[in-house]
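Secondary and tertiary structure notes
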Amino acid sequence: MNPSNTVSESTGVTDPGYSISPTQPFYWSVRRELWENRSIYTAPILVAIVVLFGFLVSTIGLPERRREVLLLDPAKARAAIEAPYDMAAIMLILTAFIVGVFYCLDALYGERRDRSILFWKSLPVSDRTTLLSKATIPLVVLPLATFAIIVATQLVMMLWTSLLLISHGMSPASTWTYVPLFRNSFILLYGLAAIALWHAPIYGWALLVSGWARRATFLCAVVPLLAIGFFEKITFGTSHFASMLKDRLMGFAPKAFAFNMHSIDSPTLTPGQYLSSPGLWLGLLFAAVFIAAAIRLRRYRGPL
């Protein structure tokens, strides 16, 4: 006899006929992070609004400048027309990285500080599920949210530019030709995925510090790295650790893309070179170690 049926019959409660999916705790843990950390999407949206306002101001006199730009060779014309759209994407990608780092630094520290960890630990959700849901935010949710916001921002910019050019008797074709939205969106999605995976050890380190530090999580995350770099420079006269940190921040681009500065074509995607890069897999290994250590810390660390 099924024990659950026995309990239901003895208490007079009817079996609802459904079971909890193994993925439901993870799904609701991710939803919880989005509910409690609205800066994940509000910060990029606010930056997008600022970017759009700045672009709106910069379009004063745009038709005259566009006539001059179209007299240049195709490579220079494309670079000039694409520049505002590239700058908008860079600003939003940088915002997403900053939001991701500070989110991770507060992910475990915040629940220990306000003692809500006692409540969350009372729920039937494992520490592993909790940490994986927190790691999903900077690695999956933020890139996807940033992608949607960047595409929407660039689309608004292109529509406004087209209306402005049409109102001055000019064709908007130059904008849509030199800024192919669909192709650029595909490149953007690929680039955001490459950036997220390359920055995974940074987010993992921030999560580990968040579970360990008792105060000033940002300083606890940054000062040890600076100390190692200074120690190496003073002791050995080398800068290998600093170079490694710089590569971890910006080294994804040469591996994920092949750039041709003298071509009007988009950068060539090189996923094979990127996925075969030892730096990528070494970084993911460190990220896994950091997250595993953070899981163990959450299991045994209480509120502050």
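The structure this text deals with has already been given above.
Residues numbered from 1 in each chain as written. Predicted model: local features only at pLDDT ≥ 70, side-chain atom pairs only at ≥ 80, totals over all residues. Heavy atoms only, no water.

The subject of this paragraph is the overall build of the chain. When helices and strands are tallied, the chain shows 16 helices and 2 strands. The C-alpha atoms of the chain give 24 Å as radius of gyration, which overshoots the globular expectation for 304 residues (19 Å, by more than 25%). If you line up the chain on its principal axes, its C-alpha atoms span 85 × 65 × 35 Å. Considering the chain as a whole, with its 304 residues, one finds that 41% of them fall into the buried category. In the chain, of all internal contacts separated by at least 6 residues, the share reaching a separation of at least 24 is 78%. (Helix = DSSP H or I, 4+ residues; strand = E, 2+ residues; numbered from the N terminus. Rg over C-alpha atoms; globule rule 2.2 N^0.38 Å. Buried < 20%, exposed > 50% of the residue type's maximum accessible area, 1.4 Å probe, protein only. Contact = heavy atoms within 4.5 Å.)

Time to look at a nonpolar patch on the surface. On the surface, Phe 53, Leu 56, Val 57, Ile 60, Trp 160 and Leu 163 cluster together into a nonpolar patch covering about 640 Å² of accessible area. Elements that contribute at least two residues to the nonpolar patch include exactly α3 (39-58) and α8 (127-167). Take the nonpolar patch: its biggest share by element is 3 residues, from α3. Positionally, Ile 60 belongs in the loop between α3 and α4 (62-69). (Patch = residues over 30% accessible without salt bridge, like charges linked within 9 Å, V, L, I, M, F, W, Y side chains within 5 Å. Areas by Shrake-Rupley, 256 points an atom, 1.4 Å probe, with all protein chains shown as cover. Salt bridge = Lys/Arg side-chain N within 4 Å of Asp/Glu carboxyl O.)

At their nearest, the axes of helix α10 (residues 181-198) and helix α11 (residues 200-212) sit 4 Å apart, and the two run at 45° to each other. Judged by the angle between their axes, α10 and α11 are oblique. Where α10 approaches α11, its residues Ala 196, Leu 197 and Trp 198 are matched on the opposing element by Ala 200, Pro 201 and Tyr 203. For the contact of α10 with α11, the class distribution of residues is 6 nonpolar, no polar and no charged. (Axes fitted to C-alpha atoms, helices over the stretch in contact; angles between N-to-C directions. Parallel < 35°, antiparallel > 145°, perpendicular 65-115°, else oblique. Nonpolar A, V, L, I, M, F, W, Y, C, P; charged D, E, K, R; others polar.)

Moving on: the side chain of Ser 174. Mapped onto the elements, Ser 174 comes out in helix α9 (residues 173-178). Only 2.9 Å separates the side chain of Ser 174 from the side chain of Arg 66, close enough to count as a polar contact. In this view, Ser 174 contacts Arg 66, Leu 70, Ile 81 and Leu 165; residues no more than four positions away in its chain are not counted. (Polar contact = N/O pair within 3.5 Å; in protein donor to acceptor, adjacent residues only side chain to side chain.)

For α8, which comprises 41 residues, the first-to-last C-alpha distance of 59 Å matches the rise-based estimate of 60 Å (1.5 Å per residue) to within 8%. At Ile 137, α8 is deflected by roughly 45°, the largest bend along its length, and proline Pro 138 occurs up to four residues later in sequence. Just downstream of α8 lies Gly 169, where phi reads positive at about 75°. (Expected span 1.5 Å × (residues − 1). Bend = angle between axes of the 7 residues up to and from the residue.)

Turning next to the pattern of salt bridges. For the structure shown, the criterion picks out 10 salt bridges. The closest approach of N and O atoms between Arg 78 and Glu 82, which form a salt bridge, is 3.3 Å. Of the two residues, Arg 78 and Glu 82 are both situated in helix α5 (residues 74-107); the distance of 4 residues between them amounts to about one turn of the helix. On the basis of relative accessible area, Glu 82 is assigned to the buried category, the value being 11%. By sharing partners, the salt bridges in this structure join Arg 32, Glu 33, Glu 36, Glu 111, Asp 127, Lys 134, Arg 298 and Arg 299 into a single network.

For the rest of this paragraph, the subject is the packing of α8 against helix α16 (residues 278-300). Running from N to C, α8 and α16 point in directions that differ by 130°, and their axes come no closer than 9 Å. If you check the angle between α8 and α16, you find them oblique. α16 is crossed by α8, and the crossing has right-handed handedness. In this structure, α8 contributes Asp 127, Arg 128, Thr 130, Leu 131 and Ala 135 to the contact, and α16 contributes Ile 291, Ala 294, Ile 295, Arg 298 and Arg 299. Its residues assigned to classes, the contact of α8 with α16 comprises 5 nonpolar, 1 polar and 4 charged. (Left-handed = near helix turned anticlockwise from the far one by under 90°.)

Look at Arg 115: it is not a glycine, yet its phi comes out positive at around 65°. A relative accessible area of 45% means that Arg 115 is categorised as partly exposed. Unusually for a residue other than glycine, Ala 216 sits at a positive phi of about 50°. Here Ala 216 shows up in the loop between α11 and α12 (217-236). Ala 216 sits in the partly exposed class, given a relative accessible area of 38%.

Along the chain, the position of Thr 59 falls in the loop between α3 and α4. Given the relative accessible area of 6%, Thr 59 is considered buried. Of the polar contacts made by the side chain of Thr 59, one reaches the backbone oxygen of Leu 56; its length is 2.6 Å. Among residues more than four places away in sequence, those in contact with Thr 59 are Arg 65, Trp 160 and Leu 164.

Interpretation in functional terms is not warranted from these geometric data alone.
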